[in-house]
Amino acid sequence: MKSFAYARAADLEAAVKLLSKTPNAKLLGGGTNLVDLMRENIEQPDALVDVTGLPLDRIEERPDGGLVIGATVRNTAVAGHPVVRDRYPLLAQAIVFGASGQIRNMATVAGNLMQRTRCLYFYDHAARCNKRAPGAGCDAIGGFNRMHAILGASDSCIATHPSDMCVALAALDAKVNVIGPGGARTIAFEEFHRLPEDTPDMETDLQPGELITGIEIPPLGFARRSLYRKVRDRASYAFALVSVAAALEVDSGKVRNVRLALGGVAHKPWRATEAERVLAGANAGAESFRQAAEAELAPARGLAHNEFKIELAKRTIVGVLGELAGG
Amino acid sequence: MPSPDRTPKAAPIPPAGSALILLKINGVDHSLSIDPRTSLLDVLREHLSLTGPKKGCNQGACGACTVLVDGQRVLSCLSLAVQLEGREITTIEGIASGELHRLQVAFIEHDGFQCGYCTPGQICSAIGMFQEFQNGLPSAVTGDMAAARIEFSDAEIKERMSGNLCRCGAYVGICEAIHSAFDREVAK
């Protein structure tokens, strides 16, 4: 690991100043991803600004029934929060399906958003990777790409975003509150993470010097009936091949409201807007669910080893919606 | 000619080098001068000779380095020690008080280990896991996230302990030991 300077941010203002005025500085939360990447010399910050002492560690209920989750709240605290468990079960579920108990105790909400891909070519200095070394090329495209993206990939990068929690947040229409040298602003969740295009090293909409202060979740009453399903190679503690987060409201046999997002399939948590469009007002049955899945996955492209994910994603969508619609 | 006063309120970050920190480990204060790169695991093992926590993978995959920080289980290999000033750190060496902890006794009675390498992490993890369970935290096998009561079943224990690997495959004994130590305490 390369040597770095360490400082605790005393308050939010100090954190913004330290981040924007210190060359090559990075924020440190739980460290579960960053420390590992630094040990592998993938990340080489000259300075770390520790934000875990900032007053961003609370979950607050909003008057409209929504929630604001502070950036440094640990993943376990979100999954265990009574309001999350009751009103947003898909979010609690997505979190407990991710990582291990120890990592969930350490990892922060903002760190979960900021985590890097687990593409093995990104981790391997002997491999070419446009994300690690822009312009170098991508060895995953012609390599072993079973875990890689089927939607929104580019000729530069086929990596996936590894988060479970973010898939639920995408389905919930969350917003990301940030603050920076230019002041505070709010980013729609869908706009926060980027597709790779020809700059896969640029992963989020965060501008230099900006940091996440919290996540806003709208009331979304029908999310009480929601589900997160993760398909993976082993029963626990593994990244998703495909995951589906969904909330569904059925009225007289018709879909009244639906939210759907996919994980493990793209460079960002994938909000399934095409499937949602097909489902709006449709019969809440297997046939419509399959049509919606087909529509969403129509632009999907398989590579040598991940073609199976396309049908897997469709079946998982149908299965999850079927479970939410039944009973 | 000095520029107008645009001094940031925050002092610049001191250069890389060493940091002086105070860590409370197993009830004892330790004042240490460390490189900020040092993981909690390396502080414990290399600076303080607390070799109970093991360096298995050193990348957060195996759980052998699990310790408790303020009662919560964490991976000491991915924790930077400089972040833990003022927190209560408990390693396997601090679990027993005079006599063995009942979970340690149960591990012996139920053959919860073979080579023993993962055992300190398994025991610290299980203690933290049981507290999470008692707090009502759901898991990936709980089903209803809002459930008021969760059964302390084999399936729940296995899922909640999946961050601790055992290459000898002593999982059956580990699961029995956890039941044996904690079943009677499960919140009714």
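Quick notes on the rules
Residues numbered from 1 in each chain as written. Chains lettered and ligands numbered in written order. Predicted model: local features only at pLDDT ≥ 70, side-chain atom pairs only at ≥ 80, totals over all residues. Core = buried A, V, L, I, M, F, W, Y, C linked by C-beta atoms within 7 Å. Buried ≥ 20, exposed ≤ 12 C-beta atoms within 10 Å, placed from the backbone. Contact = placed C-beta atoms within 7 Å. Helix = DSSP H or I, 4+ residues; strand = E, 2+ residues; numbered from the N terminus. Pairing = 2+ DSSP bridges. Axes fitted to C-alpha atoms, helices over the stretch in contact; angles between N-to-C directions.

Undergrad: Would you take a moment to explain the nonpolar core for this structure?
TA: Judged by nonpolar contacts, the single largest core of 160 residues is most densely connected at A:Val49, A:Leu90, A:Ala168, A:Ala171, A:Ala246 and A:Ile317. Not counting chain neighbours up to four residues away, the residues in contact with A:Val49 comprise A:Ala7, A:Ala9, A:Ala15, A:Leu18, A:Leu19, A:Ala25, A:Leu27 and A:Leu28.

Undergrad: Hey, could you run me through unusual backbone geometry in this one?
TA: Only a minority of non-glycine residues have a phi that is not negative, and only a minority of peptide bonds are not trans. One non-glycine residue, A:Glu197, adopts positive backbone phi at about 40 degrees. By the element assignment, A:Glu197 lies in the loop between helix 10 (189-192) and strand 8 (211-217). Using a count of 14 C-beta atoms within 10 Å as the deciding quantity, one classes A:Glu197 as partly exposed. Although it is not a glycine, B:Asn58 adopts a positive phi angle of roughly 60 degrees. Among the secondary structure elements, B:Asn58 is positioned in the loop between helix 1 (40-47) and strand 3 (66-69).

Undergrad: Honestly, the sheet that holds strand 5 (residues 67-70) of chain A in this entry has me stumped. Any pointers?
TA: Whether parallel or antiparallel, the strands of a sheet pair through hydrogen bonds between backbone atoms. Residues and elements named next belong to chain A. The antiparallel open sheet is built from five strands, whose spatial order is 4-5-8-6-7. Here the strands that pair on one side only, and so sit at the sheet edges, are strand 4 (59-61) and strand 7 (183-188). Strand-to-strand twist of the sheet, defined as the mean angle between neighbouring strand axes without regard to direction, takes the value 20 degrees. Across three bridges, strand 4 lies against strand 5 in antiparallel orientation. Looking at strand 5, one finds that isoleucine 59 is bridged to isoleucine 69.

Undergrad: What's the story with the sheet that holds strand 1 (residues 5-8) of chain A in this structure? I'm lost.
TA: Residue and element names in this part refer to chain A. Spatially, 1-3-2 is the arrangement adopted by the three strands of the open sheet, whose pairing is parallel. This sheet does not close on itself; its edge strands, each paired only once, are strand 1 and strand 2 (25-28). Taken pair by pair, the neighbouring strands of this sheet meet at an average axis angle of 25 degrees, ignoring direction. The pairing of strand 1 with strand 3 (residues 47-50) spans four bridges and is parallel. When the sheet's bridge partners are listed, arginine 8 is paired in strand 3 with aspartate 50.

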